[in-house]
Amino acid sequence: MAVQYRWATLGCGVIGHQLAEAMQKLGGNLYSVGNRTYEKGLSFAAEYGIPNVYHTPEEIFADDDVDIVYISTPHNTHIKYLRQALAAGKHVLCEKSITLNAAELAEAVQLAREHHVVLAEAQTIYHMPLYRVLKERMEKGEFGPLRLLQMNFGSYKEYNMKNRFFNRSLAGGAMLDIGVYALSFVRWFMSSCPHEILSQVKYAPTGVDEQASILLKNEQEEMATVILSLHAKQPKRGTISFDKAYIELYEYPRGDKAVITWTEDGRKEEVTAGDTADALTYEVRDMEQAVSGTANTMHLDYTVDVMDIMTKIRQDWGMKYPKEE
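Quick caveat, the model's predicted, so the values are computed rather than measured. (Residues numbered from 1 in each chain as written. Predicted model: local features only at pLDDT ≥ 70, side-chain atom pairs only at ≥ 80, totals over all residues. Heavy atoms only, no water.)

J.: Tell me what's going on with the state of the cysteines, and back it up with residues and numbers.
T.: Overall, the coordinates contain zero disulfides when judged by the stated rule. Note on C12: no disulfide assigned, nearest cysteine sulfur contributed by C94 at a separation of 15 Å. (Disulfide = S-S within 2.5 Å.)

Following this line, the structure appears as structure tokens:
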């Protein structure tokens, strides 16, 4: 499916480059680019042959020819741009975490409804073909009842308290940066949103969450554990345990391979679907289908559930970002 809509990117970082590459893979291109620094926008546009560059983010929202805006600026700026984009009638795909907290997300969801546009979080887990294959098999009952999920995500970031990972003003910390992946994975497979939530936290010197452990349980008594760290390398590993089998995935934020181990005889089955390198093309395709009304697989409901969980956990910790104080 070739790109059907005119997309603008707000932000020229790593994700902006991946989006531009995904557009070209799909046989199209970004319509326009906006960035806080105009010169960086010009350089980005020249690299990818993008015809339109804006001097300010606000010019994106005023351009009647823009259909969809991809926001990939720092977390703490998302709600500001969401308000402007949605009020201008733009469909929006926003980088994770979509907002700082549940109240901001509720405001954005309401704006999207009022202006009859699609709002979604760019959460790769909801769009990788592998997860749809596994969920379909799970829902058919192949694996038996779901019992446990175990999630690990650990990065080793050098202690630089001014970078975005540890900076409170930029909404740094493990939860919004990497925890959103683990919790989105949990929500994808769990039958309902967890309602029992316990957690522990270790703070970085700046006061953001450097490390966390989380326990979750839902009404079906499915349980999950999540271990996060910004200063201790861990494999990006997810394990899903059922009565009849358990499933292991590595590099799960953009997973394309899983191994099923069957409980009865220890037999192993490898499942592959999709390609890690095409993660953003799947997001773009799904977003365009949602905008066209042909299908909606953006899972804003899961995004809301995950944001509710993250907000509850930070409230339990008593941890706020400057914008929330």
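J.: Please set out the side chain of K236 residue by residue, giving values where relevant.
T.: Structurally, the position occupied by K236 is in strand β11 (residues 231-242). Not counting the four nearest positions on each side in its chain, K236 is found in contact with N152, F153, L249, Y250, E251, Y252 and P253. (Helix = DSSP H or I, 4+ residues; strand = E, 2+ residues; numbered from the N terminus. Contact = heavy atoms within 4.5 Å.)

J.: Could you give an account of the pairing of strand β7 (residues 146-156), with specific residues and numbers?
T.: Both β7 and β11 contribute to a ladder of eight bridges, which runs antiparallel. Each residue of the ladder has a partner; that of L149, found in β11, is I240. Two strands pair when backbone bridges link them, and β7 and strand β10 (residues 223-229) are joined in this way by seven bridges, in the parallel orientation. Each bridged residue has a counterpart across the sheet, and for G154 the counterpart in β10 is S229. (Pairing = 2+ DSSP bridges.)

J.: I'd like a description of the packing of aromatic side chains, backed by residues and values.
T.: Enumeration over the complete set of coordinates arrives at 14 aromatic pairs. Summarising the aromatic geometry, the rings of F185 and F189 are spaced 5.1 Å apart at their centres and angled 50° between planes, so their arrangement reads as tilted. Of this pair, F185 and F189 are both found in helix α7 (residues 174-189), four residues apart, which corresponds to roughly one turn of the helix. When sorted by exposure, F185 lands in the same class as F189, which is buried. Feature note: the residues Y131, F153, Y181, F185, F189 and Y252 constitute an aromatic cluster, connected by ring pairs. (Phe/Tyr/Trp six-rings, centres within 6.5 Å; stacked < 30°, edge-to-face > 60°. Buried < 20%, exposed > 50% of the residue type's maximum accessible area, 1.4 Å probe, protein only.)

J.: I'd love a proper account of the pattern of salt bridges, names of residues and values included.
T.: A complete count under the given rule lists 19 salt bridges for this structure. R132 is the salt-bridge partner of D286, the closest N and O atoms lying 2.5 Å from each other. Linking D286 in helix α8 (residues 279-292) with R132 in helix α6 (residues 129-139), this pair joins segments that are 154 residues apart in sequence. Overall, the relative accessible area of 7% leaves D286 in the buried class. A salt bridge links E196 to K217; the shortest N-O distance between them is 3.8 Å. Pair noted here: E196 is in strand β8 (residues 196-203) and K217 is in strand β9 (residues 209-217), with a separation of 21 residues, a long-range link. (Salt bridge = Lys/Arg side-chain N within 4 Å of Asp/Glu carboxyl O.)

J.: Lay out the nonpolar core with the relevant residues and their values.
T.: Core analysis: the biggest nonpolar cluster contains 114 residues, and W7, F185, L249 and Y252 have the highest contact counts within it. Of the residues forming this core, the biggest block, twelve residues, is contributed by α7. When residues no more than four places from it in sequence are discounted, the contact partners of F185 are I125, Y131, L149, M151, G238, I240, L249 and Y252. (Core = buried A, V, L, I, M, F, W, Y, C linked by side-chain atoms within 4.5 Å.)

J.: Kindly report on the sheet that holds strand β12 (residues 245-250), identifying the contributing residues and their values.
T.: Backbone hydrogen bonds hold the strands of a sheet together, and the pairing may be parallel or antiparallel. Taken together, eight strands build an open sheet; the order of strands is β8-β9-β10-β7-β11-β12-β13-β14 and the sheet is mixed. The open sheet terminates on both sides in strands that have one partner only, identified here as β8 and β14 (268-272). For this sheet, the mean inter-axis angle between neighbouring strands, taken without regard to orientation, is 15°. Lying over the sheet, α6 contacts β11, β12, β13 (257-262) and β14, oriented at roughly 25° with respect to β13. (Axes fitted to C-alpha atoms, helices over the stretch in contact; angles between N-to-C directions.)

J.: Could you give an account of the environment of N52, naming the residues involved and the relevant values?
T.: Tracing the chain through its elements places N52 in strand β3 (residues 52-54). Here the alpha-carbon distance between N52 and C193, two residues 141 residues apart in the chain, equals 42 Å. The contact partners of N52, leaving out residues within four places of it in the chain, are Y31, S32 and V33. At 3.0 Å, the side chain of N52 forms a polar contact with the backbone oxygen of Y31. (Polar contact = N/O pair within 3.5 Å; in protein donor to acceptor, adjacent residues only side chain to side chain.)

J.: Could you give an account of the packing of α7 against helix α9 (residues 300-317), naming the residues involved and the relevant values?
T.: Packing of α7 against α9 leaves a shortest axis separation of 9 Å and a crossing angle of 125°. Between α7 and α9, the angle falls in the class oblique. At the point where α7 passes α9, the crossing takes the right-handed sense. Taken together, the residues of α9 that come into contact with α7 (itself represented by M175, L176, V180, L183, S184, R187 and W188) are Y302, D305, V306, I309, M310, I313 and W317. Grouping the constituent residues of the contact of α7 with α9 by class yields eleven nonpolar, one polar and two charged. (Parallel < 35°, antiparallel > 145°, perpendicular 65-115°, else oblique. Left-handed = near helix turned anticlockwise from the far one by under 90°. Nonpolar A, V, L, I, M, F, W, Y, C, P; charged D, E, K, R; others polar.)

J.: Summarise unusual backbone geometry; cite the residues concerned and give the values.
T.: K96 connects to S97 through a cis peptide bond whose omega is -10°. A positive phi is found at E221, a non-glycine position, where the angle reads about 65°. Within the secondary structure, E221 sits in the loop between β9 and β10. Within the chain, E251 stands out as a residue other than glycine whose phi angle is a positive 50°.

J.: For the pairing of strand β1 (residues 7-10), give the residues involved together with the corresponding values.
T.: The alternating pattern of β1 places W7 and T9 on one face and A8 and L10 on the opposite face, and all of these are buried. The sheet contact formed by β1 and strand β4 (residues 68-71) spans four bridges and is parallel. For A8, the partnering residue across the bridge sits in β4 and is V69. Alignment of β1 against strand β2 (residues 32-34), held across three bridges, turns out to be parallel. Its bridge partner lying in β2, T9 is registered against V33. Handedness of the β-α-β unit built from β1, helix α1 (residues 14-25) and β2 comes out right-handed. (Right-handed = clockwise from strand over helix to strand, strands pointing away.)

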